Amino acid sequence: MDNFQKEIDERANLALSNKFELLLFRLGSDQLKGKSELYGINVFKLREIVPMPTITRAAGMQSPLLGMASIRGQFIPVIDLPAVTGCKPETGLNLLLVTEYARSTQAFAVESVENIVRLDWNQVHTAEAGIGSRNITSIACLDSDGESNNLALVLDVEQILYDIIPSVRGVEPSEETAKDFNLKLGQVAIVAEDSKVARQLLEQGLKSMGIPAIMHNTGLEAWIKINDMQKEAAAAGESIHDKIALVLTDLEMPEMDGFTLTRNIKRDEALRKIPVVIHSSLSGSANEDHVRKVGADGYVAKFEINELSSVIQNVLAKKR
């Protein structure tokens with residue numbers, strides 16, 4: 001356990017190179033497939049791994065919430081992750097993955113932890129077209145050649161918490177959300193977000209702000225779209241700034257992460273003045289330092305739509 005914790009502490013600073021660390025773990029036998037699948041979660045989301053403590057179950061609490069656990073003096077909700085994914089542990093729920101996500105702390109009960117692997121984001125592919133579970137956001141190929149069947153299912157933590165813990169859903173848009181952003185006619189926001197529920201929330205939020213948006217599942221899809229729009233603008237003798245008002249991107253995404261997308265935009269002479277706002281569940285001072293290093297214009301932690309509105313307004317005002 002100490003070795004895993006040491007790796008989490010020492011190897012969580014790869015974001016600027018389009019790499020990340022994936023913690024691999026097992027939840028037991030899948031009740032539909034009859035086999036044990038390998039699951040993964042980004043190490044950035046982990047605070048620590050602890051042996052299963054005493055769980056206090058509150059009145060009215062229902063599965064997949066197991067109850068509350070006291071971790072270093074803090075009471076946090078514990079989620080039965082095998083129950084969420086349809087698995088049955090063979091040896092029981094033995095460990096807790098304590099995570100910090102979207103301004104909150106929670107723990108996921110798992111059967112066992114296997115390893116931590118370092119991957120390029122281009123080894124991770126969106127799962128929406130090929131995996132039926134709403135709780136899987138992507139599939140990671142654990143071999144660098146990308147040809148083997150050595151795979152891990154990467155959990156959509158946003159979706160899981162949205163379904164189970166209402167407090168992570170953020171507040172409803174208020175009258176303050178609909179600010180005057182002074183967009184030009186035809187300008188849109190380019191959005192990159194791999195979590196389906198997060199995309200839906202962002203799309204609804206931007207609509208409430210009156211900002212048209214084009215949604216993308218990965219950073220690579222967004223980057224291709226931006227380049228296509230730049231070529232169209234150049235061919236028509238127009239400025240790309242008349243087409244793209246801003247880029248709003250998550251950090252963790254298959255194929256190309258948000259740091260790489262931001263860096264690509266800011267290194268391109270024709271695109272560098274496009275405002276980029278990073279909207280991520282990976283909060284903390286280290287990530288905010290990375291945001292500044294890659295040249296992003298704003299940063300906001302998920303999911304507070306009124307705060308996002310204010311950040312967008314400030315960013316757009318500075319670019320005028």
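If you're wondering where the values come from, they're calculated on a predicted model, not measured in any experiment.

Q: So what's going on with the overall build of the protein? Residues and values would help.
A: On a plain count of helices and strands, the protein comes out with eight helices and 17 strands. Counting only residues that meet the buried cut, the protein has 52% of its 320 residues in that class. At a minimum sequence separation of 6, the contacts of the protein that also span at least 24 residues come to 64%. Total accessible area computed for the protein in this model is approximately 14,500 Å², and 47% of it derives from carbon and sulfur atoms.

Q: Please provide a residue-by-residue account of the side chain of D30, values included.
A: As for its placement among the helices and strands, D30 is situated in strand β1 (residues 19-30). Apart from residues lying up to four places away in sequence, D30 is in contact with K35, Y39, T85, G86 and C87.

Q: How would you sum up the sheet that holds strand β5 (residues 74-80)? Please name residues and give values.
A: One open sheet holds the five strands; their spatial order is β3-β7-β8-β5-β4, and the pairing between them is mixed. The two strands at the open ends of the sheet, each matched to only one other strand, are β3 (46-51) and β4 (65-71). Strand-to-strand twist across the sheet, computed as the mean angle between neighbouring axes with direction ignored, equals 30°. Together, β4, β5, β7 (95-101) and β8 (104-110) form the strand contacts of helix α3 (residues 157-164), whose direction differs from that of β8 by roughly 100°.

Q: Describe the side chain of D156, with residues and values.
A: Relative to the helices and strands, D156 is located in the loop between β12 (151-155) and α3. For the buried D156, no salt bridge exists, and the shortest N-O distance to an oppositely charged side chain is 7.3 Å, to R199. Engagement of the side chain of D156 in a polar contact is seen with the side chain of S195, the distance being 3.0 Å. Every residue in contact with D156, bar those within four places of it in the chain, is listed here: R134, N135, I136, T137, S195 and K196.

Q: Before we move on, can you summarise unusual backbone geometry with the specific residues and values?
A: Leaving glycine out, the prevailing phi sign among residues is negative, and the prevailing peptide bond configuration is trans. Cis peptide bonds are those with omega within 30 degrees of zero, and the linkage from S63 to P64 qualifies with 10°. As for its placement among the helices and strands, P64 is situated in the loop between β3 and β4. Look at R72: it is not a glycine, yet its phi comes out positive at around 55°. Checked against the element boundaries, R72 lands in the loop between β4 and β5. In this structure R72 comes out as exposed when scored by relative accessible area, which is 71%. Phi angles above zero are rare outside glycine, and N182 is one such case at about 55°. One can find N182 in the loop between α3 and β13 (188-192).

Q: Can you tell me about empty space enclosed by the protein, naming the residues and giving the values?
A: Applying the stated rule across the entire model yields two cavities of 30 Å³ or more. By volume, the largest cavity is sized at about 140 Å³. In terms of lining, the largest cavity is formed by 18 residues, of which the most central are K45, T137, V154, L155 and E252. Of all the secondary structure elements, the ones that give two or more residues to the lining of the largest cavity are β1, β2 (36-42), β11 (136-141), β12 and α3. Tallied by class, residues from the lining of the largest cavity come to eight nonpolar, four polar and six charged.

Q: Describe the packing of helix α5 (residues 219-235) against helix α6 (residues 258-267), listing the residues and the values that go with them.
A: Direction vectors running N to C along α5 and α6 enclose 20°, while the axes themselves pass 9 Å from each other. Relative to α6, the element α5 is oriented roughly parallel. At the point where α5 passes α6, the crossing takes the right-handed sense. Along the contact surface, α5 presents G219, A222, W223 and I226, while α6 presents L261, N264 and I265. Its residues assigned to classes, the contact of α5 with α6 shows five nonpolar, two polar and no charged.

Q: Give me the lowdown on the pairing of β11, citing residues and values where you can.
A: Among the six residues of β11, five are classified as buried, and the element is accordingly described as predominantly covered. Sheet analysis places strand β10 (residues 124-126) next to β11, joined by three bridges and oriented antiparallel. By the bridge assignment for β11, H125 is matched with I139. When β11 meets β12, the two strands line up antiparallel, connected through five bridges. Bridge pairing in β12 links C141 to L151.

Rules behind the numbers
Residues numbered from 1 in each chain as written. Predicted model: local features only at pLDDT ≥ 70, side-chain atom pairs only at ≥ 80, totals over all residues. Heavy atoms only, no water. Helix = DSSP H or I, 4+ residues; strand = E, 2+ residues; numbered from the N terminus. Buried < 20%, exposed > 50% of the residue type's maximum accessible area, 1.4 Å probe, protein only. Contact = heavy atoms within 4.5 Å. Areas by Shrake-Rupley, 256 points an atom, 1.4 Å probe, with all protein chains shown as cover. Pairing = 2+ DSSP bridges. Axes fitted to C-alpha atoms, helices over the stretch in contact; angles between N-to-C directions. Lys, Arg positive; Asp, Glu negative; His and termini not counted. Salt bridge = Lys/Arg side-chain N within 4 Å of Asp/Glu carboxyl O. Polar contact = N/O pair within 3.5 Å; in protein donor to acceptor, adjacent residues only side chain to side chain. 1 Å grid on protein atoms, 1.4 Å probe; cavity = no way out; pocket = protein on both sides within 12 Å on 5 of 7 lines; lining within 4 Å. Points joined across faces, edges and corners; volume = space filled by probe spheres on them. Nonpolar A, V, L, I, M, F, W, Y, C, P; charged D, E, K, R; others polar. Parallel < 35°, antiparallel > 145°, perpendicular 65-115°, else oblique. Left-handed = near helix turned anticlockwise from the far one by under 90°.

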